[in-house]
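Coordinate analysis (summary)
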Protein chains: 8
Amino acid sequence: MSNEIKQWLSMIERGELKAEEAYDKLKGYEDIGFAKIDLHREKRQGFPEVIYSEGKTVEQILSIFTRLKATNETVLATRVSKEKADKLLPHLSDVQYDECARTLLFDERSSHQGLGKVGILCAGTSDLPVAEEAAVTAHAMGLEVQRFYDVGVAGIHRLFDQLESIRTCDVLIVVAGMEGALVSVVGGLVQQPILAVPTSVGYGTNFQGVSALLTMLNSCSSGVSVVNIDNGFGAAYQAALIVRVKENNHHTQ
Amino acid sequence: MSNEIKQWLSMIERGELKAEEAYDKLKGYEDIGFAKIDLHREKRQGFPEVIYSEGKTVEQILSIFTRLKATNETVLATRVSKEKADKLLPHLSDVQYDECARTLLFDERSSHQGLGKVGILCAGTSDLPVAEEAAVTAHAMGLEVQRFYDVGVAGIHRLFDQLESIRTCDVLIVVAGMEGALVSVVGGLVQQPILAVPTSVGYGTNFQGVSALLTMLNSCSSGVSVVNIDNGFGAAYQAALIVRVKENNHHTQ
Amino acid sequence: MSNEIKQWLSMIERGELKAEEAYDKLKGYEDIGFAKIDLHREKRQGFPEVIYSEGKTVEQILSIFTRLKATNETVLATRVSKEKADKLLPHLSDVQYDECARTLLFDERSSHQGLGKVGILCAGTSDLPVAEEAAVTAHAMGLEVQRFYDVGVAGIHRLFDQLESIRTCDVLIVVAGMEGALVSVVGGLVQQPILAVPTSVGYGTNFQGVSALLTMLNSCSSGVSVVNIDNGFGAAYQAALIVRVKENNHHTQ
Amino acid sequence: MSNEIKQWLSMIERGELKAEEAYDKLKGYEDIGFAKIDLHREKRQGFPEVIYSEGKTVEQILSIFTRLKATNETVLATRVSKEKADKLLPHLSDVQYDECARTLLFDERSSHQGLGKVGILCAGTSDLPVAEEAAVTAHAMGLEVQRFYDVGVAGIHRLFDQLESIRTCDVLIVVAGMEGALVSVVGGLVQQPILAVPTSVGYGTNFQGVSALLTMLNSCSSGVSVVNIDNGFGAAYQAALIVRVKENNHHTQ
Amino acid sequence: MSNEIKQWLSMIERGELKAEEAYDKLKGYEDIGFAKIDLHREKRQGFPEVIYSEGKTVEQILSIFTRLKATNETVLATRVSKEKADKLLPHLSDVQYDECARTLLFDERSSHQGLGKVGILCAGTSDLPVAEEAAVTAHAMGLEVQRFYDVGVAGIHRLFDQLESIRTCDVLIVVAGMEGALVSVVGGLVQQPILAVPTSVGYGTNFQGVSALLTMLNSCSSGVSVVNIDNGFGAAYQAALIVRVKENNHHTQ
Amino acid sequence: MSNEIKQWLSMIERGELKAEEAYDKLKGYEDIGFAKIDLHREKRQGFPEVIYSEGKTVEQILSIFTRLKATNETVLATRVSKEKADKLLPHLSDVQYDECARTLLFDERSSHQGLGKVGILCAGTSDLPVAEEAAVTAHAMGLEVQRFYDVGVAGIHRLFDQLESIRTCDVLIVVAGMEGALVSVVGGLVQQPILAVPTSVGYGTNFQGVSALLTMLNSCSSGVSVVNIDNGFGAAYQAALIVRVKENNHHTQ
Amino acid sequence: MSNEIKQWLSMIERGELKAEEAYDKLKGYEDIGFAKIDLHREKRQGFPEVIYSEGKTVEQILSIFTRLKATNETVLATRVSKEKADKLLPHLSDVQYDECARTLLFDERSSHQGLGKVGILCAGTSDLPVAEEAAVTAHAMGLEVQRFYDVGVAGIHRLFDQLESIRTCDVLIVVAGMEGALVSVVGGLVQQPILAVPTSVGYGTNFQGVSALLTMLNSCSSGVSVVNIDNGFGAAYQAALIVRVKENNHHTQ
Amino acid sequence: MSNEIKQWLSMIERGELKAEEAYDKLKGYEDIGFAKIDLHREKRQGFPEVIYSEGKTVEQILSIFTRLKATNETVLATRVSKEKADKLLPHLSDVQYDECARTLLFDERSSHQGLGKVGILCAGTSDLPVAEEAAVTAHAMGLEVQRFYDVGVAGIHRLFDQLESIRTCDVLIVVAGMEGALVSVVGGLVQQPILAVPTSVGYGTNFQGVSALLTMLNSCSSGVSVVNIDNGFGAAYQAALIVRVKENNHHTQ
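Each value, and the rule that gives it
- Residues numbered from 1 in each chain as written.
- Chains lettered and ligands numbered in written order.
- Predicted model: local features only at pLDDT ≥ 70, side-chain atom pairs only at ≥ 80, totals over all residues.
- Heavy atoms only, no water.
- Helix = DSSP H or I, 4+ residues; strand = E, 2+ residues; numbered from the N terminus.
- Buried < 20%, exposed > 50% of the residue type's maximum accessible area, 1.4 Å probe, protein only.
- Contact = heavy atoms within 4.5 Å.
- Disulfide = S-S within 2.5 Å.
- Pairing = 2+ DSSP bridges.
- Axes fitted to C-alpha atoms, helices over the stretch in contact; angles between N-to-C directions.
- Parallel < 35°, antiparallel > 145°, perpendicular 65-115°, else oblique.
- Left-handed = near helix turned anticlockwise from the far one by under 90°.
- Nonpolar A, V, L, I, M, F, W, Y, C, P; charged D, E, K, R; others polar.
- Salt bridge = Lys/Arg side-chain N within 4 Å of Asp/Glu carboxyl O.
- Phe/Tyr/Trp six-rings, centres within 6.5 Å; stacked < 30°, edge-to-face > 60°.
- Lys NZ or Arg CZ within 6 Å of the ring centre and 35° of its normal.
- pLDDT = per-residue confidence, 0-100.
- Lys, Arg positive; Asp, Glu negative; His and termini not counted.
- Polar contact = N/O pair within 3.5 Å; in protein donor to acceptor, adjacent residues only side chain to side chain.
- Arc of directions from axis to C-beta.

1. Focus: the overall build of chain A
When helices and strands are counted, chain A shows eleven helices and eleven strands. A burial count over chain A gives 64% of its 253 residues as buried. The long-range fraction of contacts in chain A, counting pairs at least 24 apart against all pairs at least 6 apart in sequence, stands at 66%.

Pasting the structure below:
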């Protein structure tokens, strides 16, 4: 940002820019009362703001979604309950609701960018909602998604049979609850960076995902980093940034 | 025990036993001031009392060890620091100290019972002291011991290469620190009961073994039960009880 | 597995096996979309896969149960709520629902194997659901089950009166909530391996079973290993593996 | 206290007391710079202030001890390390140091009050320092002390053999580390109030005494209340208050 | 108990008792299928078994209550929800339900024993249910109860005004949620033993009563012991044992 | 208070005050059965008692509110659910309910005191209820309130744009959930004392606000102190005390 | 800051400022290799940067201290061990080391500002180091300090006797370990804002200060905010900001 | 791997490979007694095994390092204490020890690969050892490293001044202790994937890094993933994998 400030300062000095205009450039958000919608995020970070819907009312989600839809090709809302979606959909044309992933997606892109391919592995059937939140997010971010579901280590041959395909991905998201051992096993077999997502699936000493989280943070396999419990969105977002590292370099070289 | 009481009561009734003698039969321990040494434990549980040395002074360990040595073929003390061992050994003839396992063992058995075979797996080099405590204990309890060390999941082929041998054991002890994923992987590949021992090896969110403990308690593989962190002794003791189930049945059938 | 690979490799070398067929042998599961049903588990571990129903939809449970029922003599589903069972039963002939244990069991065995006998002790009336999950599972695994219920240490004579019977079992499962002290007391009185199951019964500092769990992990009695809170299934599964150690040896000797 | 205020107010009204004197009556402590020594505590609570020495310098302990010794028949300091005691003893005549209990005791009472009898049970040898802190404190508070040491539940017959004696006590202090199950067992067998003292003896999931603490707070036996981990002093102090309830009533009836 | 065994043994020896009869004496409970009702508890501990109703079905409570009512003058059930009480009351004549305390009490005593007086203090209005559970229990145990409610330290003059009355009690129960500081303040002002009951009243870092529990365990005032969070029953039971210490002594002297 | 006691004592001595009257002065509360309403709080602390409504019944809230309303210009109740408010409002004239803040406010002040200005910042839309509880409380305490909402660090320019206004406040309340980083950033940019309020907004490792709480307690920026999770009321109350420091000094100088 | 940017932008527009100079204005720190010393902090926050010495080498502390000493009238370093201080003092002229507070202070102010008065209360002798860290810091920040030490609630009259003096302070810092109840008691008696500092003094369930921390966060008294465990510096810094609110207002009115 | 198995199977079928040779290909490690050195890791994961030295003896480190040095161009050992390094260096020629990073590095590469550039930010001076462990590791993995140290949010302008340079990196590692807020601030300003490393720097409620860890897992900024506390190595390893994603694609396209 200091770079832009320098440029703007020089432009004012040269009379090419008014002080008032320079100031407006810095603002970069729209104030709609209860919220300040970040309009510069796509510029700063390459993707528009995603709406985290938990703790927001239907009215608030509708208001923010509508505003973003007006100026973006894709808009994504996560953690949208079925109940809220039913109230929102009549007011949002061309928006798809995915009940398993709990996402609302508006997508007007003519073609997908195909930045790269993310493989999403999950250990068991109960981890599907988190895995699908990651899948929908990754798709919205322009990634190709390949799913490898129900490959937990209790029947490890199911994983080995897919290794060849798994190794064709650019980056992997591994979703697991209970003890989360899948991450360490995959980490010992591949060269891709792994984004580990602990889920709150389990009971007793699982402590709503803490068991899987600790497993992943302490993984004896290198090349693993971790996001918050049940945060499928966060893993997919990070995957998109990682794949884009490649893209960026094509531009700079 | 109610059975024995019934017998004793009948014997008194028939004049075959004095009331005073019957009462003495129930006592079953020797009071040496600071401790009451359990002399019936071998009768009740099949193995003599093992001395847990942490928190005991050299004098206390010496006193108890000497007393047990007088009436048993094998005596085992665990958690004996090198420092304490150096002070104890001059006073304990025919006793071996194992520095890695931190055990003192007196063993006068002419031949080993060969109850069965326990396989001890450990994930990494740092888990050796706990694995060796299990190995020495298992040996003292009359088991054959086979070691499978450094077979952690970060290089899973090292484990697979040993599977054939591992499957020849009656019961398995799996020792692992960090995230403890080894347990789930082994649990998915074998039919033996697995006794999982979390170790305090690791740092940060390992929380002195809690990470590995939670992994093991939440293992997606069935056939796993868990003992306290670093409790190699406890796993081996349990392994001996398990193998003896077989022996007991030979007698009852 | 490396052993089988060696055999298959030799067979191909000798022209007795096609490469393609060898590869198919390794697969061992059926992919039904949202899940990969493990068909080799009975071969690898001696019991068919058990369906853990929490977090699965009625449709998913039905689909997996039906698939397993087609090829197995016994099929077990645990953690099935009354609500789900009511929806499932009309579609599953010859299947019994146990409301207390929350299990669905399909059992076509002509005679039970009688591998051995497991004693299930529980401390209080509130621990019954967990104890019964263990009992149904043990029965499904081919064990004879003997129940010793409501023998908590607050009235310790109730336990002592049953000791004679308890000692006739091959292995014991001790289920207890609150402070879980029953495990240590039983552990000091018997020679059987004890599988301890903490339950989430209690309030306040019980912390949903953590109090009982810690008691069991720190038991001053040897011969105790522990499974996850409320995991009656896991204890019974482990008990079956333990009893089978004996069986295995009859074959190998 | 409001009662005394009323009396003093009336006395001033009647001219029997000066306002200034009434105010001085409320002060009740001596300010020695770094501390305000509570001189009224014996009046308010029946025993002089006891010096908790952890975190205090040798100079501070000496200063407070000397001041209390000048005006009391008994003075007790707890948590005095051997190192500090060696520096203090030359300056404190007629004071005994107990290395196991880590206490300094000045005791000039011609005869002991014999308020009643406290039984102190402990589970294992490692719990002795805490049990002895309780014993020394109880003695200083005027109680008769009877010790029942090393009666842990792993060899429960050692406890049963002492039950007759245990039942002659007025109140019991039960000291236990590891899983602390002794408390529940004793609680189910006697009618005395039990003060449970968890100790930090153990390792791994003992969490420095938390395991024993939770056991005791969740005891299925009624009639148990608990003090802080390793707080032998607190249990003995409470025991003295309990026994004195009887004494107080003799006066009031 | 060893004492009784000795007597019985001698009686058999002298032909005064049959072996079979002696054995029956040890049993002391009635087995009603899902539970073993402890009939000796009143002999062993001086009060009949109290029914803890959480986790029990209406049928189970009714069955146990009816059985105990047949042979006891007072029967108490705690943690009985309004819903369960409505179903139970039509089947239980002469039983009172207290909605605030959530207790069912059957009380046929002609006169109350008046063992002594317990003072029950509570910090705020939200602590009433726990305080009332203590009050009803103490009354059922034969104690006189005096209530000092809403005397929290935020308005400490309310407490001071009652000190005179508080000091007339034999033992005090102090019930407090949030930070539980009331215990330390009362502990510094009185000579009675204090039984502290943390409640789960509060929010955020109260952690369902853990904050108050820790305060009470760490109280800088001596003479405080603690029971489980929300355990009003346990404190009252302990209070009754404490007051009875006095009674016992009258008999033995 | 000792000062007032001295004055009253002197007045009695001089015959200017009756002992009985002096005693009444100390009482300072009204006993309405289940509660003792603190009437002196406004004298002791400058604001009337505020009604914390969680855990209180509608009847209890109504009774206390009515009593306070009779003698105060402003009465505030916090944590009033919509459900309770609907039942209370018909009985409380001139009282406003704020659904977002969950407060009931009675306010008869002719003019506001304008003690000073508090700025309330919050990180995201989901933190609004806590921020509004603070805002309503601060207003009731006589402060001018300025809101800076949705200024979380993920779009830090939104914060920077408001810095000029933020710096005109006397004291700041910063409300944030999730990771609570806003506090450290603001703390590094302003000279005002900051009262940090962690909220329970978030999921997974947020642990109902613990994550934000720890962030705030460990803030690398100086000038931050913290209140309980979701305690908007507490922060506003503290803000009012802080601003009044200025007022107090005007009087004393 | 946006305000200053606006001004600078206008100045450049008017040719009064060069773009390069404007940019330099934003830098505000000196880079000394391993650290960037914040030179603008006094401008931004009113006090120079304070050196937190834990985890810094003697060389690093010396380098930063020397740099700050060159341009400030007062420089403060906290958490300086005796060992480090002995090495530092020969190189730092006119600097005082306080062994109890563990602070190094350089103070060249001709007269103290006397911003206002802070009262520092502590519960016991062991809390002195934290209280003194607060006292030295407050003095360095220009506050008058009054100490009220050893006024814990176990002897509450010691506190009441000082209330008159305590009430003359502008703001209070209450330092307490163990259960920290002092904060709630003081909070119920005074009108000053209270900054509560939990200390790690205690043992067992004190959990290195967590017990006192929770007490303070859950205080039933209003007007309390809390800083990190043992953070005497942080409380004093906040106290200075609070007192300065008064000063600021004098300027703005 | 299944791919390679298929190939080998076909080769045997075609007589191009002996069964015995095929089996040897799968082994891939050297057994040196206490450890099995993973020789295939470079093939499987692209970098040779790194030696984690904590919990290993000097002899074990030397043995493994020497073995790896014989067959690799670069060998890295982390967590090597100064004490161990002094004993190891005489036996390891051409190896550099970095005392701050606690690493031993053998590096015989003629030129560095320059895979890409990693920016390493750290919040304060105390975080240097972790940051340097990351820097040395990243260098050994073939990355260009740029350091941005001491840019914590308490003086946020120090960070802003470096933003232009920071944005030229491919991936960022952000190292922070205390409350770890730096991660969220950076995450809101850049487009690079951020690997967050919490450090154990802090005291009190920092809980040895848990505070920073939770902040990072709950970051409101997207594009952040987290590694274990103090795991500088893990972050650098992950950074290398991320940058290599780009490389991989060059080959596949």
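2. A closer look at the state of the cysteines
Residue and element names in this part refer to chain B. Taken as a whole and judged by the stated rule, the model has zero disulfides over all chains. Considering cysteine sulfurs only, C100 is the nearest to C122, which forms no disulfide, with 9.4 Å between them. Looking at C122, the relative accessible area reads 0%, which means it is buried.

3. Some thoughts on the pairing of strand β8 (residues 144–148) of chain H
As judged from the five bridges shared by strand β7 (residues 117–122) of chain H and β8(H), these two strands associate in the parallel manner. If you follow I120(H) over to β8(H), its bridge partner there is R147(H).

4. What to know about the packing of helix α10 (residues 210–217) of chain E against helix α10 (residues 210–217) of chain G
Close contact between α10(E) and α10(G) brings their axes to 9 Å; oriented N to C, the two are set at 125°. Taken as axis vectors, α10(E) and α10(G) run oblique relative to one another. Between α10(E) and α10(G) lies a crossing of left-handed hand. Note on element contacts: α10(G) touches α10(E) through S211(G), L214(G) and T215(G), opposite S211(E), L214(E) and T215(E). In the contact of α10(E) with α10(G), the residues fall into two nonpolar, four polar and no charged.

5. Brief notes about the pattern of salt bridges
All names here are of chain B. Throughout the structure, instances matching the rule amount to 38 salt bridges over all chains. Of the charged contacts in the structure, one is a salt bridge between E133 and R79, with a shortest N-O distance of 3.1 Å. Here R79 lies in the loop between β4 (74–78) and α5 (82–88) and E133 lies in helix α6 (residues 128–140), a separation of 54 residues in the sequence. Residue classification places R79 among the buried residues on the basis of a relative accessible area of 7%.

6. Remarks on the sheet that holds strand β5 (residues 95–98) of chain E
All names here are of chain E. Spatially, four strands are ordered β3-β4-β6-β5 in an open sheet, and the strand pairing comes out mixed. The two strands at the open ends of the sheet, each matched to only one other strand, are β3 (51–52) and β5. Here helix α4 (residues 58–69) sits on the sheet and contacts β3, β4 (74–78), β5 and β6 (103–107); the angle it forms with β4, its principal contact strand, is near 160°. Sheet strands in contact with helix α6 (residues 128–140) are β4, β5 and β6, and its direction is about 165° off that of β4.

7. Comments concerning the sheet that holds strand β6 (residues 103–107) of chain B
Residue and element names in this part refer to chain B. Strand order in the open sheet formed by four strands is β3-β4-β6-β5, with mixed pairing between adjacent strands. Two strands in the sheet have a free side with no partner beyond their single neighbour: β3 (51–52) and β5 (95–98). Contacting β3, β4, β5 and β6, helix α4 (residues 58–69) runs over the sheet at an angle of about 160° to β4. Packing against the sheet, α6 makes contact with β4, β5 and β6, and its axis sits at approximately 165° to β4.

8. Examining the pairing of strand β10 (residues 194–198) of chain A
Residue and element names in this part refer to chain A. With five of five residues buried, β10 lies mostly within the body of the structure. Neither face of β10 is open: one carries I194, A196 and P198, the other L195 and V197, and all of them are buried. Pairing of strand β9 (residues 171–176) with β10, which is carried by five bridges, proceeds in the parallel orientation. Directly across from A176, in β10, lies its bridge partner P198. Examined bridge by bridge, β10 and strand β11 (residues 224–226) share three bridges and lie parallel to one another. Note on β11: the bridge partner recorded for I194 is V224.

9. Quick look at unusual backbone geometry
Non-glycine residue M178(D) carries a positive phi angle of around 45°. Here M178(D) lies in the loop between β9 (171–176) and α9 (182–187). Although it is not a glycine, Q208(G) adopts a positive phi angle of roughly 55°. Take Q208(G): it is sitting in the loop between β10 (194–198) and α10. Looking at Q208(G), the relative accessible area reads 61%, which means it is exposed.

10. A word on the packing of aromatic side chains
Ring pairs (aromatic) are described by centroid distance and by the angle formed between their planes. The full count for this structure, using the stated rule, is 20 aromatic pairs over all chains. Seen from their ring centres, Y52(G) and Y203(H) are 5.8 Å apart, and the 25° between their planes marks the pair as stacked. A residue pair is termed interchain when its members come from two chains, as with Y52(G) in strand β3 (residues 51–52) and Y203(H) in the loop between β10 (194–198) and α10 (210–217). Positioned over the ring face of F106(E) is K69(E), at 4.9 Å from the centre of the ring. A cation sits over an aromatic face here: R79(F) above Y203(E), 4.2 Å from the ring centre.

11. Re the confidence of the model for chain A
Model confidence for chain A is summarised by a mean pLDDT of 85, while 80% of its residues fall at 70 or above. Interface confidence for the predicted complex, expressed as ipTM, amounts to 0.84; the pTM equals 0.87.

12. Re the side chain of K117(D)
All names here are of chain D. Structurally, the position occupied by K117 is in strand β7 (residues 117–122). Within the buried core, K117 has no salt-bridge partner, and the shortest N-O distance to an opposite charge, that of E144, equals 4.7 Å. The residues contacting K117, other than those within four sequence positions of it, are E144, Q146, T168, C169, D170 and V171.

13. What to know about the environment of Y97(D)
Residues and elements named next belong to chain D. Inspection of the secondary structure puts Y97 in strand β5 (residues 95–98). The spatial distance from the C-alpha of Y97 to the C-alpha of A138 is 16 Å, given a sequence separation of 41 residues. One polar contact links the side chain of Y97 to the main-chain carbonyl oxygen of V80, over a distance of 2.7 Å. At a separation of 3.1 Å, a polar atom in the side chain of Y97 contacts the main-chain amide nitrogen of K82.

14. Things to note about the environment of L89(A)
Residues and elements named next belong to chain A. With respect to the helices and strands, the residue L89 is situated in the loop between α5 (82–88) and β5 (95–98). The class of L89 is partly exposed, set by a relative accessible area of 29%. As a C-alpha pair, L89 and L104 span 15 residues in sequence and 8.7 Å in three-dimensional space. The contacts of L89, once residues within four sequence positions are left out, are V95, Y97 and L104.

15. Brief notes about the side chain of Q60(B)
Residue and element names in this part refer to chain B. In this structure, Q60 sits in helix α4. Relative accessible area serves as the criterion here: at 12%, Q60 is assigned to the buried category. Of note is the side chain of Q60, whose polar atom sits 3.0 Å from the backbone nitrogen of T57.

16. What about helix α4 (residues 58–69) of chain G?
Turning to α4(G), its buried residues are V58(G), Q60(G), I61(G), I64(G), F65(G) and L68(G). The buried residues of α4(G) occupy one face: seen down the axis, they fall within an arc of 160°.

17. Points about the environment of P198(C)
Residues and elements named next belong to chain C. Note on placement: P198 falls in strand β10 (residues 194–198). Overall, P198 belongs to the buried group, its relative accessible area being 0%. Each C-alpha atom of the pair P198 and M178 lies 8.5 Å from the other, and the pair is 20 residues apart in sequence. For P198, the residues in contact, after removing those within four places along its chain, are A176, G209, A212, L213, M216, V226, V227, N228, I229 and D230.

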